[in-house]
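# Summary of the model geometry
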Amino acid sequence: MSKFTFPQSIRSRPVYGTLEQRDGAAHLLIADAEGAEAILDVATPAMMAKAHIVYIPKGAAFEDKLRGLNAASFYAGPSYGAAEQRIHKALADAKMGLQVYLAGTEGLMGQAQNAAMQAGIPHTAIQTEHRGSTARRIQCVHCKGITEDVETDPFVCAHCGLNLFVRDHYSRRLAAYQGVCIDAEDPGNVPEPKGIYE
Amino acid sequence: MSGAEKIAVKVTDIVPLNELVTRFKFARVDGGRLPTFSGGAHTVVEMRDGDITRLNPYSLMSDPMDQSAYTISVRRDDEGRGGSLFMHQRVKVGDEMTISYPVNLFSLDLRAKKHLFLAGGIGITPFLAQIKQLERFNGNWELHYACRTESLGSYVDELTNHHPNETHIYYDDQNDKIDLVNLLDGQPLGTHVYVCGPKGMIEWVRGTATAEGWPREAVHYEEFLAPQPGKPFEVKLAVSNKVIQVGETESLLEAIERAGVDAPYLCRGGACGQCETRVIDYTGNFIHRDHWLDDDEHANGEKIMPCVSRFEGKTLVLDR
């Protein structure tokens, strides 16, 4: 089960859709883990003839299936960081008419959306579909360090060690949610961590 | 009082450019400085013609940072309702007039990596201000400007002299056409396209850009609709408890104003949404002409944009 229905929240929280094929000069598809399923759902041979797929498997077993789509260009790499240079190069070389499709975890989609926005694509024109883990990428508002794949609330900042409460406030510029110290007034009084959506 | 804040100005210069287009320059009556604006902004010019007051929007074409004067260019429309003819025939240097603060419904998206301007005829005017704005920041832009003939090519010489590499001119009578598909194809990522011109040109550009995969947010357009004449009709204004007659050559908004009822507006051209008015009751048919309401709203009879739209039928009651 790779689909998750997010509860209603504040306006700042991103809303994800379902990928659909759009007319365009070229297609850039970026996905991680179960996000591969969304690409498999939307792909057609005509689209793949003009497509560049960037995939970060994160241990999921979809790489062969994606490769089998015969996209004009296919890359699989170990992390977003490893794929980042390729993504920036693909965007720098792209022309108007490029369609961008993002699928998988929020951290992957947020960072790739940020790269596409900086390359000049309006964020509303970038398609997204959430699949797989609901873990979040969170910036500590105190030390500014970003912790990847946060699954519990509260959690400990990987940089400064503060106990952080997970907020729904999201920054497209940082591609991260906000984490705020939960025990500032009463140090050590930290609720038992539970899943973010529990 | 509705609309943007007003400025008392004096006409300081009138320059006929060609058979159809004349340029007007305004400075403040009190000698003070005018507000700066952003390229693409328009001002609403008040024309007092006997009992009739016309309020027509014109794009500001002067340098947005020049606070000493504003300039506009007015194309004469012999078939229109008389606003452009009034400007051409009645306005003299030294006349005092009232104009509105600048309002921009066609601003540059400064996130764009490149600005691609497409102008048709008098649609050149907002781009003249936008070009001056971008030149200050060494902006990346390119202009494709279609005119009917060489003699009607307003500002062609100025543009080609100052910006020979950025300006591309097309004359209809020489069978020059903008090769739009080729022009859009291969533009760098982050290019925004802006079109100002006749309705057909705007639809052509929007349709072609969509077909070529351009995001909606990267396609900007401005089309001022002049209110069209039509059959006279009667309207009841429920809040003010007045029954008014809308004449053949006046707009519903003008008739409401003539009755002394203050109604909101900004663009007076069907684009900005300010004058949106709720319909309380009607028997008859709406003649919707605005770009503001969507197709469903045009069909359901709950709202009307009185600046450009009309009505034909027995009764119309508005929440005004």
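Residues numbered from 1 in each chain as written. Chains lettered and ligands numbered in written order. Predicted model: local features only at pLDDT ≥ 70, side-chain atom pairs only at ≥ 80, totals over all residues.

We now examine the overall build of chain B. Summing up its helical and strand segments, chain B has 7 helices and 17 strands in all. The C-alpha radius of gyration of chain B comes to 20 Å, within 12% of the 20 Å expected for a compact globule of 320 residues. If you line up chain B on its principal axes, its C-alpha atoms span 60 × 50 × 35 Å. Among the 320 residues that make up chain B, the fraction classed as buried is 43%. (Helix = DSSP H or I, 4+ residues; strand = E, 2+ residues; numbered from the N terminus. Rg over C-alpha atoms; globule rule 2.2 N^0.38 Å. Buried ≥ 20, exposed ≤ 12 C-beta atoms within 10 Å, placed from the backbone.)

Each partner contributes to the interface: chain A provides 17 residues, whereas chain B provides 16 residues. By residue class, the composition of the side of chain A that touches chain B is 9 nonpolar, 5 polar and 3 charged. (Contact = placed C-beta atoms within 7 Å. Nonpolar A, V, L, I, M, F, W, Y, C, P; charged D, E, K, R; others polar.)

All names here are of chain B. One can read the domain layout of chain B as domain 1 (6-104), domain 2 (114-222) and domain 3 (233-318). Here the C-alpha centroids of domain 1 and domain 3 sit 26 Å apart. Across the boundary between the two partners, domain 1 contributes 5 residues, which contact 5 residues of domain 3. Across the side of domain 1 that touches domain 3, the residue classes tally to 4 nonpolar, no polar and 1 charged. (Domains from an automatic or database assignment.)

This next bit is on the nonpolar core. In terms of nonpolar packing, the biggest core is built from 91 residues, with Ile39(A), Ala116(A), Ala119(B), Val193(B) and Val195(B) touching the most fellow members. The element contributing the most residues to this core is helix H5 (residues 106-118) of chain A, with 6 residues. Core analysis: the second largest hydrophobic core is formed by 26 residues, Leu253(B), Ile256(B), Trp292(B) and Val308(B) among them. (Core = buried A, V, L, I, M, F, W, Y, C linked by C-beta atoms within 7 Å.)

Residue and element names in this part refer to chain B. Within the open sheet, the 5 strands sit side by side as S10-S9-S8-S11-S12. Their pairing is parallel. This sheet does not close on itself; its edge strands, each paired only once, are strand S10 (167-171) and strand S12 (219-222). On average, each strand axis in the sheet is inclined to that of its neighbour by 15 degrees, with strand direction left out of account. Relative to strand S11 (residues 191-196), helix H5 (residues 199-211) is tilted by about 160 degrees, and along the sheet it contacts strand S8 (114-120), S11 and S12. (Pairing = 2+ DSSP bridges. Axes fitted to C-alpha atoms, helices over the stretch in contact; angles between N-to-C directions.)

With that out of the way, let us pick up the domain arrangement of chain A. Accessible area lost upon the coming together of the parts is a frequently used measure of interface size. Residues and elements named next belong to chain A. As assigned here, chain A comprises domain 1 (26-130) and domain 2 (136-195). Taking only C-alpha atoms, the centre of domain 1 and the centre of domain 2 are 28 Å apart. Contact with domain 1, which involves 8 residues of that partner, is made by 7 residues of domain 2. Considered class by class, the residues forming the side of domain 1 that touches domain 2 number 1 nonpolar, 6 polar and 1 charged.

Within the secondary structure, Ile169(B) sits in strand S10. For Ile169(B), a count of 18 C-beta atoms within 10 Å translates into the label partly exposed.

Turning our eyes to something else, we now look at helix H2 (residues 125-136) of chain B. All names here are of chain B. Burial analysis of H2 places 9 of its 12 residues in the buried class, which makes it a mostly covered element. Where H2 is concerned, the buried positions are Thr125, Pro126, Phe127, Leu128, Ala129, Gln130, Ile131, Gln133 and Leu134. Tucked into the core, H2 has its buried residues touching strand S4 (52-59), strand S5 (70-75), S8, strand S9 (141-147), S11 and S12. Two residues or fewer after H2 comes Asn138, characterised by a positive phi angle close to 55 degrees.

For the rest of this paragraph, the subject is the pairing of strand S13 (residues 233-237) of chain B. Residues and elements named next belong to chain B. With burial as the criterion, only one face of S13 is covered, namely that bearing Phe233, Val235 and Leu237; the residues Glu234 and Lys236 on the opposite face remain uncovered. As judged from the 5 bridges shared by S13 and strand S14 (residues 242-246), these two strands associate in the antiparallel manner. What sits directly across from Glu234, in S14, is Gln245. Taking the residues between adjacent antiparallel strands as the criterion, S13 and S14 are bridged by 4 residues, where Asn241 takes a positive phi near 55 degrees.

Residues spaced three or four apart along an α-helix point in a common direction, a consequence of the helix completing one turn every 3.6 residues. Residue and element names in this part refer to chain A. Helix length check: H5, at 13 residues, gives a terminal C-alpha distance of 18 Å against a target of 18 Å (1.5 Å per residue), a fit within 8%. Among the 13 residues in H5, 11 count as buried, and that is most of the element. Taken together, the buried positions of H5 are occupied by Glu106, Gly107, Leu108, Met109, Gly110, Gln111, Ala112, Gln113, Ala115, Ala116 and Met117. The first or second residue beyond H5 is Gly120, which carries a positive phi of 110 degrees. (Expected span 1.5 Å × (residues − 1).)

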